Amino acid sequence: MFIPGAYRRLKRGPQVILPKDIGIVLAYTGVGRESRCVDAGAGSGWLAVSLARVCKEVTTYDTREDFLKIVEKNRKAEGLENLILRKGDVTKKIYEKDVDLVTLDLPNSDRAVGKAYRALREGGQIFGYLPHVEQVKKFVAKMERYGFSDIVVLEAIVRDMLVRKEGSRPSTKGVWHTGYLVFGCKKAAG
Ligand SMILES: C[S@@+](CC[C@H](N)C(=O)[O-])C[C@H]1O[C@@H](n2cnc3c(N)ncnc32)[C@H](O)[C@@H]1O
């Protein structure tokens, strides 16, 4: 799987969200230079850095100091002063209010949906990155309980092509399943 230079230069600790999926997050949420986002867990910061490259402000949470140190290295190397790092458990507390997007990539993301709902503005969006179908079912059930609308669940399969003199075809190698991408929108009250 091709990893662009803008990602190859980033440090990596825990499992990252790959550019093929990050591109879809940016496009489907439509975040831009006026957007304020909350991201968790920070992990290696690949999603947080990508959001901060285009958004006004991104706060990324992680429970682990050692992972936040990796994200801090990436933040500094990229010169992203709009990326704020917070040590904290998002299933317990999200301090930000009226944000445009909350992204969740945790082992138990469904447990943070309520806190995400409270942090979002009306019309704001939630994104969950979930490796297993069982997690997707729990996450969507929780989103429905909070009244999120426009729920979309998808998987991005990208096939690299071999282009050669003897013939061109999709490569037989590559990354297949990474995670399911789940999107939803916080409905206006009433
Ligand atoms: C797979 S990594 C996230 C990778 C990240 N999205 C990236 O693109 O680099 C999951 C992270 O969630 C953190 N985490 C787990 N539970 C958490 C919680 N309740 N609140 C905040 N962070 C949490 C873990 O410490 C880990 O760093």
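To be clear, the structure that these remarks concern was listed above.
Residue indices begin from 1 for each chain and proceed along its sequence in written order. Totals for whole chains, interfaces and linings use all residues, but because this is a predicted model, local features are given only for residues with pLDDT of at least 70 and pairs of side-chain atoms are given and counted only at 80 or more.

**Q** What exactly am I supposed to notice about the overall build of the chain here?
**A** Within the chain, the secondary structure is distributed over six helices and nine strands. A globule of 190 residues ought to have a C-alpha radius of gyration of about 16 Å, and the chain, at 17 Å, matches this closely. Taking the principal axes of its C-alpha atoms as reference, the chain extends roughly 60 × 35 × 30 Å. Sorting the 190 residues of the chain into buried and exposed places 39% on the buried side. We call two residues in contact when their backbone-placed C-beta atoms lie within 7 Å. Residue pairs at least 24 apart in sequence account for 64% of intrachain contacts in the chain once pairs closer than 6 positions are excluded. Each helix is a run of H or I in the DSSP string that is no shorter than four residues. Each strand is a run of E no shorter than two, and both are numbered from the N terminus. Both definitions apply: the radius of gyration is a C-alpha atom measure, and the globule rule equals 2.2 Å times residues to the power 0.38. Three exposure classes are used, based on other C-beta atoms lying within 10 Å of a residue's own C-beta, which is placed from the backbone: buried for 20 or more, exposed for 12 or fewer, and partly exposed in between.

**Q** What is the right way to read helix α2 (residues 19-29) from this model?
**A** The periodicity of an α-helix, 3.6 residues per turn, causes residues three or four positions apart to be oriented the same way. If you check which residues of α2 are buried, you get D21, I22, V25 and T29. The buried residues of α2 occupy an angular sector of 105 degrees when the element is viewed end-on, so they sit on one face. As for α2, its buried residues are in contact with α3 (46-54), β4 (99-104), β5 (120-130) and β9 (180-185). Among the residues trailing α2, G30 stands out with phi positive, at a value near 65 degrees. Here the arc refers to the directions that run from the helix axis out to each C-beta atom.

**Q** Help me understand the site of the ligand in this model?
**A** Around the ligand, 22 residues are found, and the nearest of them are G41, G43, S44, W46 and D105. Residue assignment for the shell around the ligand shows that the elements contributing at least two residues are α3 and β2 (57-62). Gly falls in the polar group here, along with every residue not listed as nonpolar (Ala, Val, Leu, Ile, Met, Phe, Trp, Tyr, Cys, Pro) or charged (Asp, Glu, Lys, Arg). Each residue belonging to the shell around the ligand can be placed in one class, and the counts come to eleven nonpolar, seven polar and four charged. What makes a residue near a molecule or strand is its C-beta atom, placed from the backbone, lying within 6 Å of it.

**Q** Quick question: what am I supposed to make of the nonpolar core here?
**A** Note on soluble globular proteins: their nonpolar side chains tend to be buried together. Ranked by size, the top nonpolar core spans 48 residues in total, and within it A48, V102, A116 and V182 carry the most contacts. Per-element tally for this core: the top contributor is α3, with six residues. Apart from residues no more than four positions distant in its own chain, A116 is found in contact with I94, V102, L104 and I126. Residues enter a nonpolar core if they are buried, belong to Ala, Val, Leu, Ile, Met, Phe, Trp, Tyr or Cys, and are joined to the set through C-beta atoms within 7 Å.

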